Amino acid sequence: MIFLTTLPLFWIMISASRGGHWGAWMPSSISAFEGTCVSIPCRFDFPDELRPAVVHGVWYFNSPYPKNYPPVVFKSRTQVVHESFQGRSRLLGDLGMRNCTLLLSSLSPELGGKYYFRGDLGGYNQYTFSEHSVLDIINTPNIVVPPEVVAGTEVEVSCMVPDNCPELRPELSWLGHEGLGEPTVLGRLREDEGTWVQVSLLHFVPTREANGHRLGCQASFPNTSLQFEGYASLDVKYPPVIVEMNASVEAIEGSHVSLLCGADSNPLPLLTWMRDGTVLREAVAESLFLDLEEVTPAEDGVYACLAENAYGQENRTVGLSVMYAPRKPMVNGTMVAVEGETVSILCSTQSNPDPILTIFKEKQILATVIYESELQLELPAVTPEDDGEYWCVAENQYGQRATTFNLSVEFAPVILLESHCAAARDTVQCLCVVKSNPEPSVAFELPSRNVTVNETEREFVYSERSGLLLTSILTLRGQAQAPPRVICTSRNLYGTKSLELPFQGAHRLMWAKIGPVGAVVAFAILIAIVCYITQTRRK
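Not measured: the values here are computed from a predicted model. (Residues numbered from 1 in each chain as written. Predicted model: local features only at pLDDT ≥ 70, side-chain atom pairs only at ≥ 80, totals over all residues. Heavy atoms only, no water.)

**Brief notes about the overall build of the protein**
Selection rule: Each helix corresponds to a stretch of at least 4 residues labelled H or I by DSSP, and each strand to a stretch of at least 2 residues labelled E; elements are numbered beginning at the N terminus. Each residue's exposure class comes from its accessible area (1.4 Å probe, protein chains only) as a fraction of the maximum for that residue type: buried when under 20%, exposed when over 50%, partly exposed otherwise. Residue contacts are counted whenever heavy atoms from the two residues lie within 4.5 Å of one another. The Shrake-Rupley method, run with a 1.4 Å probe, gives the accessible areas here. Residue values count only the displayed protein chains as cover.
Scanning the protein from terminus to terminus reveals 1 helix and 43 strands. Residues classed as buried in the protein amount to 43% of the 539 residues present. By sequence separation, contacts in the protein at least 24 residues apart represent 62% of the contacts at least 6 residues apart. Just so you have it, the protein exposes about 29000 Å², and 52% of that area is on carbon and sulfur atoms.

Structure below.
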């Protein structure tokens, strides 16, 4: 705000104004535009007892002491002045009325400086006053902008020019104020030291777009070509606005990622990159990059950029999605089950994007899901046929991983139908084939003889395990003529199974023992023998 007094201070005396000592008043400083004029107001006093008939006076330039021969600006006795002031200076005041006001015209820069007045009452009654006025020759209006201009808060900007030339009055107009507001002309106002100024005010509410705007004020003098312009750039303070930032980012695992955050503010903002409340990088700048080298899935997530200064803050976020191949699937669930139970197996993995999950058994697809991270396999009432090796395979466009697992189905023994006894010469062999999990115990019972032979008696019983099958062979020598009844009994923790083994002929036992290849060889030998006997009979 501009505060100016409209009442002059007529006297600032060294001592009392009446009946006192020598004293003078004039503004300590005064200004005027080049090419115009200036009136330097001046009052002086002297002791009343002197009562001079005539009062004279002299104005000096830049020195108050006559012995230094300063340039004479005005001299009432002789009208002789320095060449710089010829035709440019005259006294406006009446010295007899103790008014020493001086007028200087056609101002040029070399006239700027200190002006001293000396009172001359005749004889020894002369006095050079120490008070002086400093004249400043200017050529630009003074634009006063508040020390702080904040966006959204009304501000007052003033244009102030000196108006100390009674012959030329300045007129003020604003330049570049379109869209800011209409000016208010306060007119001619008196300052504290008795000088005059013309003042025009401009009230407006600045925006961030007004920052750096060049605002001008023009002082012109009617009926002359004199025109002066001054400019001031608005320094509008405003809070940050984030103007540049990545959209959501997708990156392949191991690649380089650069996130950018740029903000507009005055003053410059403090930019901070954060993730989950942890500061990753910060700097006072217009823009800030966050570089992530060889990104991993652990860096997947939401990143926040905070821009702040003394006038406010703003934050925005960007999502980073790290794409990667499936990790090795994890299998959780029951790997051992009892026949008839329901088995639930969960296969899970991590990948981005979510994979296709598939569970196989012997190249047969049992379950599959698309774009999910978990797959549940349900096997209601499992049977021994469900026992075996399974595969869980996870794949997406970035790769494939697989995990194997085994399901063990436990069940009571089952004696297979191929179990039997057969005699050959003087030997009886009994074959008992049992399917069971876990491995069962096998015993051969001969009821007629009240004898039980188990698998631990290796002299009589040979056993071999293959997968879920246990094959036990009982060998009895010298029993071919009267083979006994044989009962095979198998048991594990889930039950017991018994079967009386059927008795077969010797030739069937032979085929069972020698197998298909042996049978072919034996058949070839038999044909050869028949041919040999036939040829012998012919001879």
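Now that the structure has been shown, we can carry on.
**Some words on the sheet that holds strand β2 (residues 29–33)**
Across a sheet, paired strands are connected by hydrogen bonds in the backbone, their directions being either parallel or antiparallel. Which entries qualify depends on this criterion: Should DSSP find at least two bridges between two strands, the strands are regarded as paired. Throughout, an axis means a line fitted to C-alpha atoms (over the contacting stretch in the case of helices), and angles, computed between N-to-C directions, take values from 0 to 180 degrees.
Spatial strand order, β2-β10-β9-β5-β6: 5 strands in an open sheet with mixed pairing. Each edge of the open sheet is held by one strand with a lone partner, namely β2 and β6 (72–75). The average angle at which neighbouring strand axes cross in this sheet is 25 degrees, direction not considered. Of the strand pairs in this sheet, β2 and strand β10 (residues 126–138) are connected by 5 bridges, and their pairing is parallel. Residue pairing in the sheet places I30 in a bridge with L135 of β10.

**Details of empty space enclosed by the protein**
This is how it is decided: Space inside and on the surface of the protein is sampled on a 1 Å grid over the protein atoms alone, with a cavity defined as a set of points where a 1.4 Å probe fits but cannot get out and a pocket as an open set with protein on both sides within 12 Å along at least 5 of 7 lines; lining residues have an atom within 4 Å of a point. Grid points are joined across faces, edges and corners, and a volume is the space filled by probe spheres set on the points. Here the term charged refers only to Asp, Glu, Lys and Arg, the term nonpolar to Ala, Val, Leu, Ile, Met, Phe, Trp, Tyr, Cys and Pro, and the term polar to all other amino acids, Gly among them.
Per the stated rule, a full pass over the model turns up 1 cavity of 30 Å³ or more. Roughly 50 Å³ of volume is contained in the largest cavity. In terms of lining, the largest cavity is formed by A32, F33, T36, C37, P162, D163, N164, C165, L168, P170 and F221. By residue class, the composition of the lining of the largest cavity is 8 nonpolar, 2 polar and 1 charged.

**A few points about the nonpolar core**
One broad rule of soluble globular proteins: the nonpolar side chains tend to lie buried together. Stated precisely, the cut-off is as follows: What we call a nonpolar core is a set of buried Ala, Val, Leu, Ile, Met, Phe, Trp, Tyr and Cys residues that are connected through their side-chain atoms within 4.5 Å.
By size, the foremost hydrophobic cluster in this structure holds 29 residues, and its most contacted members are F44, W59, L104, Y115 and F117. Per element, the largest residue contribution to this core is 3 residues, and it comes from β10. Ranked by size, the runner-up nonpolar core spans 23 residues in total, among them V155, W174, A210 and F228.

**Examining the confidence of the model for the protein**
Put simply, the rule is: Each residue carries a pLDDT score, the predictor's confidence in it, ranging from 0 to 100.
A residue-level look at the protein finds 89% of positions with pLDDT of 70 or above and a mean pLDDT of 88. Below a pLDDT of 50 lies the segment residues 506–539, which in the model reaches 13 contacts outside its immediate sequence neighbourhood of four places, other chains included.

**Some details on the sheet that holds strand β14 (residues 171–175)**
Taken together, 3 strands build an open sheet; the order of strands is β14-β17-β18 and the sheet is antiparallel. On the outer flanks of this sheet lie β14 and β18 (227–233), each paired with one strand and no other. On average, adjacent strands in this sheet sit at an angle of 20 degrees to one another, irrespective of strand direction. In this sheet, β18 lies alongside strand β17 (residues 214–220) in antiparallel orientation, the contact comprising 7 bridges. If you follow C217 over to β18, its bridge partner there is G230.

**Things to note about the state of the cysteines**
Here a disulfide denotes a covalent bond joining the sulfur atom of one cysteine to the sulfur atom of another. Note the following rule: We call a pair of cysteine sulfur atoms a disulfide when they lie within 2.5 Å.
With the rule as written, the count across this model stands at 7 disulfides. Two residues, C421 and C430, share a disulfide whose sulfurs are 2.0 Å apart. Taking the sign of the torsion about the S-S bond as the criterion, the disulfide between C421 and C430, at about 110 degrees, is right-handed. With relative accessibility at 2%, the residue C421 sits in the buried group.

**A few points about the packing of aromatic side chains**
In plain terms, the rule: To pair, rings of Phe, Tyr and Trp, with the six-membered ring standing in for Trp, must have centres within 6.5 Å; the planes then decide the type, stacked if under 30 degrees apart, edge-to-face if over 60, and tilted in the middle. The rule is short: NZ of Lys or CZ of Arg within 6 Å of the ring centre and within 35 degrees of the ring normal puts a charge over the ring.
Counting across every chain of the model gives 16 aromatic pairs. A ring pair is formed by F44 and F117, whose centres lie 5.2 Å apart and whose planes are at 50 degrees; its orientation type is tilted. Within this pair, whereas F44 is found in strand β4 (residues 43–45), its partner F117 is found in strand β9 (residues 113–120), the two being separated by 73 residues in sequence. Each member of the pair, F44 together with F117, is buried. Ring centres of F61 and Y115 lie 5.0 Å apart, and the angle between their planes is 55 degrees; on these two criteria the pair is classed as tilted. You can see F61 sitting in strand β5 (residues 56–61) and its partner Y115 sitting in strand β9, a full 54 residues away along the chain. Y115 carries the same exposure label as F61, and that label is buried. Here the aromatic residues W22, F44, F46, W59, F117, Y127 and F129 are joined through ring pairs into a cluster of three or more. The side chain of R214 reaches across the aromatic face of Y231, ending 3.9 Å from its centre.

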